[in-house]
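Listed below are the residues making up each chain.
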Amino acid sequence: MSAPVGRLVLAATPIGDVEDASARLRRLLAEADVVAAEDTRRLRALAARMGVEIGGRVISYHEHNEADRAGDLLEVVAGGGTVLVVTDAGMPAVSDPGFRVVTAAVAAGLPVTAAPGPSAVLTALALSGLPTDRFCFEGFVPRKAGERARALAELAAERRTMIFFEAPHRVGDLLAAMVEAFGAQRPAAVCRELTKTYEEVRRGPLADLAQWASGEVRGEIVVVVGGSERGAGLSTADLVAEVLARADAGERLKDAVADVAASAGLGKRDLYAAALAARKA
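The structure reproduced in this document is the subject of the present report. This one's a predicted model, so the numbers in the text were calculated from it and none came from an experiment. (Residues numbered from 1 in each chain as written. Predicted model: local features only at pLDDT ≥ 70, side-chain atom pairs only at ≥ 80, totals over all residues. Heavy atoms only, no water.)

What the five strands build is an open sheet, ordered β3-β2-β4-β1-β5; its pairing is parallel. Here the strands that pair on one side only, and so sit at the sheet edges, are β3 (57-60) and β5 (112-115). For this sheet the average axis-to-axis angle between neighbouring strands, irrespective of direction, equals 25°. When strand β2 (residues 34-37) meets β3, the two strands line up parallel, connected through four bridges. For Val-34, the partnering residue across the bridge sits in β3 and is Arg-57. Each of β1 (7-11), β2, β3 and β4 (82-86) is contacted by helix α3 (residues 66-78), which is oriented at about 160° to β3, the strand it contacts most. Across the sheet, helix α4 (residues 99-108) is in contact with β1, β4 and β5; its angle to β1 comes to roughly 150°. (Pairing = 2+ DSSP bridges. Helix = DSSP H or I, 4+ residues; strand = E, 2+ residues; numbered from the N terminus. Axes fitted to C-alpha atoms, helices over the stretch in contact; angles between N-to-C directions. Contact = heavy atoms within 4.5 Å.)

Okay, structure coming up:
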């Protein structure tokens, strides 16, 4: 008879309000043989608030050790045990540890399942007031200004609603960079402290949100940005024609280039050069 095979379970934890913890999460914490936690102290504090006694062994499993510990966790699963993976908030493997052990489990043919629950991504999307039929999750953008600008420029023509994570002390810089990349009037929402006591959702054009964020911002932040409504299927010649038409109407060429380029996802320098060449032709 072959040895029994256990399972790897990814479980979502509350992103703020402890009452969002599912009954299944409570049971898994009590029954799992091993609980792999991003922060063991936070897990024990959460369990105490939930009134749950963790039944199995608790180990740390975070971005700095997840590659090394994945093998140990899968040994437990292969031996018939249940391994529960949790992070500080939300679903493991989504901008949090978990991806590597899932990949390894799939490669080894071991069972993987999930106990779904709270998600900052979907909660922010639902509250943003922006289209929800098509969306993409971009996580954290690069911290360095130049790399961030390039990353956002690549998304300027994205037509789906975009969701980003950001630290509170950097959200002002992010929104200012989004104004440059996407245009001042692109609709967006900043979702702060979701499901917590001081939950706040600010909606409006990126320029207004950037101005608000120039002051002190606290808490966990999710930024949701509307997709581009222009530029899809347009050629460079079409965009140049729009720039020149706006310039002929009295708008500064550089301003027209900046706005059209942000909407179409084309670099300002390239579009400006094309517009100048067209003028000389």
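Before going further, it helps to spend a moment on the nonpolar core. Residues Leu-152, Phe-164, Leu-175, Met-178, Phe-182, Val-223 and Val-225 are the most contacted members of the largest nonpolar core, which totals 25 residues. Of all the secondary structure elements, the ones that give two or more residues to this core are β7 (161-166), α7 (171-182), β8 (187-192), α8 (206-212) and β10 (221-225). For this core, the leading source of residues is α7, giving eight residues. Counting residues in hydrophobic clusters, the runner-up holds 19 residues, among them Ala-11, Met-50, Val-86 and Ala-115. (Core = buried A, V, L, I, M, F, W, Y, C linked by side-chain atoms within 4.5 Å. Buried < 20%, exposed > 50% of the residue type's maximum accessible area, 1.4 Å probe, protein only.)

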